[in-house]
Amino acid sequence: MTRLTGNALRLTVHIGENDTWHHKPLYAEIVHRAHAAGLAGASVFRGIEGFGASSLIHTSRLLSLSEDLPVAVVIVDTEPRVREFLPQLDELVTEGLVTLDACEVIRYVGRDGKQDKSQDKSQDGIQGKAGTKGKKSL
């Protein structure tokens, strides 16, 4: 899994909810392949209404017969890693739209008391210099 803060590339795949790959939802296959490729993150968002190249409006409204709602799969990682993943989409997506956007990532870490080891060492070093006399900190 990649840890990411700073400049990144956001890949968004716009497909239909009913699109499949080998009898599985296409969005699930994209997420599983992104995970297997070690990309930093992927999420699937289901739309409530939309249309694409067919100009047929798909909606979740009660009286509508449409069930093929729009789905967006969003993947974020560094630009080289996202571009390396694009050939897999060529294999999977037969109808849809893929967009690429430069973005900036700000990563928040959980507050369960765990910190990155690099943060622990830098904080220990600061405390060691200020809190002990005559001892060297590592």
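Scroll up to find the structure this text is about.
Basis of the calculations
- Residues numbered from 1 in each chain as written.
- Predicted model: local features only at pLDDT ≥ 70, side-chain atom pairs only at ≥ 80, totals over all residues.
- Heavy atoms only, no water.
- Helix = DSSP H or I, 4+ residues; strand = E, 2+ residues; numbered from the N terminus.
- Contact = heavy atoms within 4.5 Å.
- Core = buried A, V, L, I, M, F, W, Y, C linked by side-chain atoms within 4.5 Å.
- Buried < 20%, exposed > 50% of the residue type's maximum accessible area, 1.4 Å probe, protein only.
- Axes fitted to C-alpha atoms, helices over the stretch in contact; angles between N-to-C directions.
- Parallel < 35°, antiparallel > 145°, perpendicular 65-115°, else oblique.
- Left-handed = near helix turned anticlockwise from the far one by under 90°.
- Nonpolar A, V, L, I, M, F, W, Y, C, P; charged D, E, K, R; others polar.
- Pairing = 2+ DSSP bridges.
- Salt bridge = Lys/Arg side-chain N within 4 Å of Asp/Glu carboxyl O.

Draft legend 1. The environment of I57, seen in detail. Structurally, I57 can be placed in the loop between β5 (49-50) and β6 (58-59). If near-sequence neighbours (up to four positions away) are discounted, I57 is found in contact with E49, G50 and F51.

Draft legend 2. Layout of unusual backbone geometry. In this structure, H22 is a non-glycine residue whose phi angle is positive, near 50°. Tracing the backbone shows H22 in the loop between β2 (20-21) and β3 (24-25). One non-glycine residue, H23, adopts positive backbone phi at about 65°. Of note, H23 is situated in the loop between β2 and β3.

Draft legend 3. Main features of the nonpolar core. In this structure, V13, I15, I30, I75 and V93 are the most contacted members of the largest nonpolar core, which totals 17 residues. Elements with a contribution of two residues or more to this core: β1 (6-16), α1 (26-36), β7 (70-77) and α2 (79-92).

Draft legend 4. Representation of the packing of α1 against α2 in the model. Here α1 crosses α2 at 155°, and the two axes come no closer than 11 Å. The orientation of α1 relative to α2 falls into the category roughly antiparallel. When you trace α1 past α2, the crossing you get is right-handed. Listed contacts from α2 to L26, E29, I30, R33 and A34 of α1 are F85, Q88, L89, E91 and L92. For the contact of α1 with α2, the residue count by class is six nonpolar, one polar and three charged.

Draft legend 5. Geometry of the pairing of β1. Strand direction decides the pairing type here: β1 and strand β8 (residues 97-105), joined by nine bridges, are antiparallel. Paired with A8 across the bridge in β8 is C103. Taken together, the eight bridges between β1 and β7 define a ladder with antiparallel strand orientation. Paired with T12 across the strands is V74, a residue of β7.

Draft legend 6. Looking closely at the pattern of salt bridges. For the structure on display, the rule yields seven salt bridges. Two residues, E17 and R46, come together in a salt bridge whose shortest N-O distance is 2.8 Å. Taken together, the residues E17 in the loop between β1 and β2 and R46 in strand β4 (residues 41-46) connect sequence positions 29 residues apart. Notably, a salt bridge pairs R81 with D77, separated by 3.2 Å at the nearest N-O pair. Residue classification places R81 among the partly exposed positions, given a relative accessible area of 30%. One network of salt bridges, in which partners are shared, links K24, E29, R33 and E91.

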